[in-house]
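Notes for the structure review
For reference, the chains in residue letters:
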Amino acid sequence: MRNYDTKARIILGLVGLLFLSYLGYHITRLNTKKFETQTAEYDTVHDTIRAEGFVLRDELTVPLVSDGILVYNYDSGEKVGTHSILANIYSSEESAQNKQRAEQVSAELENLRKIQDMHSANHSNIELLSNQINEKVHQLTAINNSGIVVGLPALKEDLAFMFNKKQVALRKGDNFDKRIDYLENQLAYLQENTEKAQKSIKTPSEGYFTKYIDGFENIYTIDKLPDLSVEMFDEMMRIDASRQGEYVGKIVKNQNWYFIVSIPQKQMQQFYQNTHAILDFGFASGETVDAKIYRIIGEEEDERSLVVLQCKDINEDLLTLRRQSVDITFRTYSGLKVSREALSYEQSVIGVYVLERDAIVRFKPISIIRDQGSYVLCEGIGEDKNCLKRFDEVILNGGNLEDGQKIN
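About the cut-offs
Residues numbered from 1 in each chain as written. Predicted model: local features only at pLDDT ≥ 70, side-chain atom pairs only at ≥ 80, totals over all residues. Heavy atoms only, no water. pLDDT = per-residue confidence, 0-100. Contact = heavy atoms within 4.5 Å. Phe/Tyr/Trp six-rings, centres within 6.5 Å; stacked < 30°, edge-to-face > 60°. Helix = DSSP H or I, 4+ residues; strand = E, 2+ residues; numbered from the N terminus. Buried < 20%, exposed > 50% of the residue type's maximum accessible area, 1.4 Å probe, protein only. Lys NZ or Arg CZ within 6 Å of the ring centre and 35° of its normal. Pairing = 2+ DSSP bridges. Axes fitted to C-alpha atoms, helices over the stretch in contact; angles between N-to-C directions.

Here the protein chain averages 82 in pLDDT, while 80% of its residues score no lower than 70. Considering only residues more than four positions removed or in separate chains, one finds that residues 25-32, a stretch of pLDDT under 50, has eight contacts. Here residues 119-124 scores under 50 on pLDDT; set against residues more than four positions off or in separate chains, the count is three contacts.

By convention here, two paired aromatic rings are described through the distance between centres and the angle between planes. With the rule as written, the count across this model stands at ten aromatic pairs. With centroids separated by 5.6 Å and ring planes inclined at 80 degrees, the aromatic side chains of Phe54 and Tyr220 adopt a geometry described as edge-to-face. Note that Phe54 is positioned in strand S2 (residues 41-56) and Tyr220 in the loop between strand S8 (207-210) and helix H6 (230-238), a separation of 166 residues in sequence. Considering the side-chain rings of Tyr72 and Phe209, the 5.8 Å spacing of their centres and the 40 degrees angle between planes classify their relative orientation as tilted. Here Tyr72 is found in strand S4 (residues 69-72), whereas its partner Phe209 is found in strand S8, with 137 residues between them in sequence. Residue classification places Tyr72 among the partly exposed residues on the basis of a relative accessible area of 21%. Judged by relative accessible area, which is 0%, Phe209 ranks as buried. Ring pairing ties together the aromatic residues Trp257, Phe259, Phe281 and Phe283, which thus form one cluster. Just above the ring of Tyr72 sits the side chain of Lys211; from NZ or CZ to the centre is 4.5 Å.

Turning next to the sheet that holds S8. Pairing between the strands of a sheet comes from backbone hydrogen bonds, and it takes one of two forms, parallel or antiparallel. The four strands are arranged S3-S9-S8-S5 in an open sheet whose pairing can be described as antiparallel. Unpaired on one side and paired on the other, strand S3 (59-63) and strand S5 (79-80) mark the two borders of the sheet. As judged from the three bridges shared by S8 and strand S9 (residues 247-252), these two strands associate in the antiparallel manner. The residue of S9 that forms the bridge with Tyr208 is Val252.

Below, the discussion takes up the pairing of strand S18 (residues 375-380). With five of six residues buried, S18 is to be regarded as a mostly interior element. In terms of strand pairing, strand S14 (residues 323-339) meets S18 through four bridges, oriented antiparallel. By the bridge assignment for S18, Lys337 is matched with Leu377. In terms of strand pairing, strand S17 (residues 361-371) meets S18 through five bridges, oriented antiparallel. Of the residues in S18, the one forming a bridge with Arg370 is Leu377. Between S17 and S18, which pair antiparallel in sequence order, lie three residues; one of them, Gly373, sits at a positive phi of approximately 90 degrees.

Here we come to the sheet that holds S4. Sheet architecture is open: three strands sit in the order S4-S6-S7, paired in antiparallel fashion. Looking at which strands have only one partner, the edges of the open sheet turn out to be S4 and strand S7 (199-202). Across this sheet, the average inter-strand angle for adjacent strands is 25 degrees, counted without regard to direction. Bridge count for S4 against strand S6 (residues 85-90) is four bridges, and the pairing is antiparallel. Bridge pairing links Tyr72 to Ala87 in S6.

The structure is reproduced here in structure tokens:
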């Protein structure tokens with residue numbers, strides 16, 4: 001019996017040693033494990049829907065009713081008053097060219113006289129001018145890459161003005177007297193050798209002028225807005241239109257214009273009347289348009305609905321839109337980007353484990369802003385030292401760790 005007890009104690013002792021060895025092995029393994037980390041960085045995502053749409057405006061075409069050479073007094077996108085002289089018609093190409101050249105010379109003279117009036121410029125003004133020039137050059141590059149030449153003349157004029165202004169600020173060309181004298185003489189010559197216009201074309205209404213005519217102006221007018229249907233929209237997107245006759249351009253009478261899109265019913269949960277969205281038409285400049293959801297046409301049981309978006313922005317590019325693809329953004333989310341693999345819990349609080357410089361593991365609670373599936377956007381919560389921040393090294397698959405644990 002005594003031998004049996006001795007054997008039992010020996011066996012129990014061996015089992016205990018094995019257990020302690022097993023436990024020690026895993027503790028050592030845990031403390032020497034090479035943990036994979038990911039640097040916390042800020043990121044932004046958008047709630048965006050891609051759609052195809054059609055523009056309706058309150059438009060009035062201006063026909064060309066006389067032969068001759070047409071010279072415009074307004075650029076596309078400019079606001080005009082009722083009975084303003086929109087364009088002049090000249091009998092000869094030479095007179096038309098002289099008229100256009102005289103306007104260019106006059107504009108350059110005005111700019112140089114403004115610059116000549118500058119008496120001094122401090123460093124901040126020079127820095128501001130450099131930034132503005134760089135921005136214009138960036139716009140010029142974007143336009144060149146896109147193949148869209150809209151806005152080039154105005155951009156060229158702005159750049160010339162800024163370069164001359166910077167010259168004065170740097171004291172490299174603070175006297176334009178010779179250039180001004182030359183331009184004044186040239187302007188006088190051009191004015192003397194330009195015949196009087198044989199006809200002036202006046203605006204029939206106030207509004208925003210554009211030279212762009214696509215043929216839809218008299219097919220789908222603003223009067224169609226109350227009667228819109230999915231069938232009518234499909235027709236708008238399907239049929240072709242062409243210009244009938246010659247036109248000087250058109251006047252968009254109202255600042256409000258409407259972009260109609262067709263949306264599958266499963267995506268309609270984001271559309272509510274009188275809420276706002278951002279429209280991105282893919283312009284090279286990166287410009288977007290603010291819009292209000294003006295009207296929703298359709299029922300829940302329908303396969304798709306029409307959404308009428310009301311816009312108020314007006315410029316040269318927007319006045320050329322008719323049938324166009326668009327990205328509709330409802331909301332933007334920003335926060336620290338963290339992999340889903342890094343999410344852990346301590347005492348039912350969600351957070352991440354962060355590896356600090358002294359090889360100490362810290363649990364940092366987070367608040368999730370947006371769940372993106374494979375990762376989340378979040379913000380740190382709690383005291384500053386225990387708050388998740390940009391550049392923190394977040395441990396992936398840290399489920400077996402504890403706050404304050406040291407990793408060898």
